[in-house]
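Descriptive analysis of the structure
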Amino acid sequence: MNVNVNVNAPLLRVSGLIKTYGAMAAVDDVSFEVQAGQVLGIGGPNGAGKTTLFDVVTGVSRATAGKVEFLGDDVTDLSAEERCHRGMARTFQLNAVFDTMSVRENLLASAYFGSKKRIFPALRYDAASHARADEAMEIAGLGDFADRAASGLPVLQRKLLMLASAIASQPRLLLLDEPVGGLNMQEIEQCATVLRRLRDFHGMTIIVVEHVMSFMAALADTVMILHHGSKLFHGTAVEMATHPEVVEVYLGTSGAKAMTQNQKAEH
């Protein structure tokens, strides 16, 4: 790993990224940068390539072409595990937790195995893993559920457990794939509160894919919209709400008007 990281360089740089499946380009020549401490929101219609982009950036899928640089290093050919150990963590649309384990056990496993490669795991978790798990539990507000099996958690707490499991590995970059999908407005606000805490008090760099545009626009410094695998727009939420092509293919007139009203209300 390159230890002489340029502090002015972006935390993540994606250049000309392409992912094809046969003749179909799920991600088509996408480039963007994320600076440390920023929040980037990614939106777009279903099938726009958002989750595929996450898969390629995090190493779940191999890029067909292009480059992914993280902390100044080319990580394009690294596995998902190696990228995780370098400081990338992500959540998935589906509730990917260990159902038979308690909340605390889930977080301990993430803290211990997510922080570095364990060729010969110890018989018990170390103190550092316990500290990371406890911190993640506190940030996500899961203390009252610590000893409950993940299978018995309500939907909101399952989503918060996925988020906390990602946090427990102490990532430099957190990628969230539709973190508030299926939640009501009160539950969405609870998730937003946790992410604001990560952004404002922990300096976490976050990339979030989400269809709930009011949630994403309230958190993101910049927003990128994908369409048919290509980048249609990259700018602020205010600019997005007035971008003709984004309004046409994604937001619609009513959605753009609602976003504009939300922006005015926040200011």
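Rules of the game
Per chain, residues are indexed from 1 in the order of the written sequence. For this predicted model, a pLDDT threshold of at least 70 governs which residues receive local features, and a threshold of 80 or more governs which side-chain atom pairs are given and counted, while totals over whole chains, interfaces and linings are taken from all residues. Neither water nor hydrogens contribute to the side-chain values; these are computed over all heavy atoms in the structure. The criterion for strand pairing is that DSSP finds at least two bridges linking the strands in question. Here a strand is any run of E in DSSP of at least two residues, a helix any run of H or I of at least four, and the numbering for each starts at the N terminus. To obtain an axis, a line is fitted to C-alpha atoms, over the contacting stretch when the element is a helix, and the angle between two such axes runs from 0 to 180 degrees between their N-to-C directions. We call a residue buried when its accessible area falls under 20% of the maximum for its residue type, exposed when it is over 50%, and partly exposed in between, using a 1.4 Å probe and counting protein chains only. For the purpose of counting charges, residues Lys and Arg are taken to be positive, whereas Asp and Glu are taken to be negative. His and the chain ends are not included. Within this document, salt bridges are pairs made up of a side-chain nitrogen of Lys or Arg and a carboxyl oxygen of Asp or Glu, the two lying within 4 Å of each other. Working rule for contacts: check all heavy atoms of both residues, and any pair within 4.5 Å makes them a contact. Only centres within 6.5 Å qualify two rings of Phe, Tyr or Trp (six-membered ring in Trp) as a pair; their planes then separate them into stacked at under 30 degrees, edge-to-face at over 60, and tilted for everything else. For a lysine, the NZ atom is tested; for an arginine, the CZ atom; a charge sits over a ring if that atom is within 6 Å of the ring centre and within 35 degrees of the ring normal.

Strand order across the open sheet formed by 6 strands is E6-E7-E8-E3-E9-E10, with mixed pairing between neighbours. What marks the edges here is a single partner per strand, and that holds for strand E6 (88-90) and strand E10 (230-235). Strand-to-strand twist in this sheet, taken as the mean axis angle between neighbours without regard to direction, amounts to 15 degrees. As paired strands, strand E3 (residues 39-43) and strand E9 (residues 222-227) are joined by 4 bridges and run parallel to one another. From the neighbouring strand, Gly43 faces E9, where its bridge partner is Ile225.

Let us now look at the side chain of Glu178. Its location among the elements puts Glu178 in the loop between strand E7 (173-177) and helix H6 (185-201). Despite its burial, Glu178 pairs with no opposite charge; the closest candidate is Lys50, at 5.4 Å N-O. Residue contacts for Glu178: discarding those within four places in its chain leaves Gln93, Lys159, Val209, Glu210 and His211.

Looking now at the packing of aromatic side chains. Enumeration according to the criterion identifies 2 aromatic pairs in this entry. Centroid distance Tyr112 to Phe113: 4.9 Å. Interplanar angle 90 degrees. Geometry classified as edge-to-face. On the numbers, 5.4 Å between centres and 65 degrees between planes, the contact of Tyr112 with Tyr125 is edge-to-face. Within this pair, whereas Tyr112 is found in helix H3 (residues 103-115), its partner Tyr125 is found in the loop between H3 and helix H4 (127-140), the two being separated by 13 residues in sequence. Taking the ring centre of Phe92 as reference, the NZ or CZ of Arg90 above it sits at 4.0 Å.

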